[in-house]
Amino acid sequence: MGGDHIFFDLPADRYFLLPPHFHFAFESYLTGAPSDHALSQLLTAGLIGPVQADDLLAPPTFTLPATSLVDCPLGTASVPRILRVIWMQRRVRAELRRVGILDIVAQLERGRPRNTSCDERVSQNIAAAFLRSQRLISAADQCLVRGIAMKRLLAQRGCDARLVFGVTMPFSAHCWVQAEDVVLTDTLDIIRRYQPIFAV
């Protein structure tokens, strides 16, 4: 962003800005023509590492958001569904105290539905329940809890959605749930402030 490189270190559960003294080495690495000294610098710092050719994965594709359910009237949500949404968020909050984001990301990957689409009615019903639940529990600084809980509930209904992590400068991080190009957790004007950095 603006010439800066921001990393999301999943094992350490933190974001960090590439230090200036690594900038030239990393830029040369990205262009595919790093010197031996640049490679040595990046390897020693742990910014890159050796990998087998068989382990190489194509970068995941990401669809930029075009609309948001939260910007539209979502209708009502049943009391049992709202209570389930609240229960799931409390469960996720407790889980985040025990395990790191890396383990949760692995669980989310394993729990992805085989169907790669998301039924519109299912996503609307669950989004409405989350929106209504904010009257009963605080939503402030709870984007990760809300996002994990929503992704899991959608997966249980056979609806595949992405939990997207984004950053902006001056540094701020946020995450949201997105089904194809539709945001389910936030208004579009909020999401457009952030540059996606990772999605699961």
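Scroll up to find the structure.
What counts as what
- Residues numbered from 1 in each chain as written.
- Predicted model: local features only at pLDDT ≥ 70, side-chain atom pairs only at ≥ 80, totals over all residues.
- Heavy atoms only, no water.
- Pairing = 2+ DSSP bridges.
- Helix = DSSP H or I, 4+ residues; strand = E, 2+ residues; numbered from the N terminus.
- Contact = heavy atoms within 4.5 Å.
- Axes fitted to C-alpha atoms, helices over the stretch in contact; angles between N-to-C directions.
- 1 Å grid on protein atoms, 1.4 Å probe; cavity = no way out; pocket = protein on both sides within 12 Å on 5 of 7 lines; lining within 4 Å.
- Points joined across faces, edges and corners; volume = space filled by probe spheres on them.
- Nonpolar A, V, L, I, M, F, W, Y, C, P; charged D, E, K, R; others polar.
- Core = buried A, V, L, I, M, F, W, Y, C linked by side-chain atoms within 4.5 Å.
- Buried < 20%, exposed > 50% of the residue type's maximum accessible area, 1.4 Å probe, protein only.
- Parallel < 35°, antiparallel > 145°, perpendicular 65-115°, else oblique.

(A) Examining the sheet that holds strand β3 (residues 67–68) more closely. If you trace the five strands from one edge of the open sheet to the other, you get β3-β6-β5-β4-β7, paired in mixed fashion. One side of each edge strand has no neighbouring strand; the edge strands of this open sheet are β3 and β7 (195–199). The sheet contact formed by strand β5 (residues 172–179) and strand β6 (residues 182–183) spans two bridges and is antiparallel. Note on β6: the bridge partner recorded for alanine 179 is valine 182. Helix α6 (residues 143–156) contacts β4 (162–168) and β5 of the sheet and is inclined by roughly 15° relative to β5.

(B) Region of the structure containing empty space enclosed by the protein. Overall, the coordinates contain one cavity of 30 Å³ or more when judged by the stated rule. Computed from the structure, the largest cavity encloses a volume of approximately 40 Å³. Val70, Ala127, Phe130, Leu131, Gln134, Arg146, Met150, Leu184 and Thr185 together form the lining of the largest cavity. For the lining of the largest cavity, the elements supplying multiple residues, two or more each, are α5 (120–133) and α6. Among the elements that take part in the lining of the largest cavity, α5 stands out by supplying three residues, more than any other. Its residues assigned to classes, the lining of the largest cavity comprises six nonpolar, two polar and one charged.

(C) Representation of the nonpolar core in the model. Leu154 and Leu163 are the most contacted members of the largest nonpolar core, which totals 38 residues. For this core, the secondary-structure elements that each account for two or more residues are α3 (79–98), α4 (101–110), α5, α6, β4 and β5. Considering every element that reaches this core, the biggest residue donor is α6, with seven residues. Residues contacting leucine 154, with those up to four places away along its chain left out, are Cys118, Val122, Ser123, Ile126, Cys159, Ala161, Val177 and Leu184.

(D) Region of interest: unusual backbone geometry. The omega torsion across methionine 169 and proline 170 is -5°, close enough to zero to call that bond cis. Summarising the element assignment, proline 170 is placed in the loop between β4 and β5. Despite not being glycine, aspartate 13 shows a phi value in the positive range, around 55°. Take aspartate 13: it is sitting in the loop between β1 (6–9) and β2 (14–17). Residue classification places aspartate 13 among the partly exposed positions, given a relative accessible area of 47%. Positive phi, normally seen in glycine, also occurs at glutamate 180, with a value near 55°. One can find glutamate 180 in the loop between β5 and β6. On the accessibility criterion, glutamate 180 (55% relative accessible area) is exposed.

(E) Structural detail: the packing of helix α1 (residues 23–30) against helix α2 (residues 36–45). Where α1 meets α2, the closest approach of the two axes is 9 Å, and the angle between their N-to-C directions is 110°. Of the possible angle classes, the one that applies to α1 and α2 is roughly perpendicular. Counting all contacts with α1, which are made through Ala25, Phe26, Ser28 and Tyr29, the residues of α2 involved are Ala38, Leu39, Gln41 and Leu42. Taken together, the residues of the contact of α1 with α2 break down into six nonpolar, two polar and no charged.

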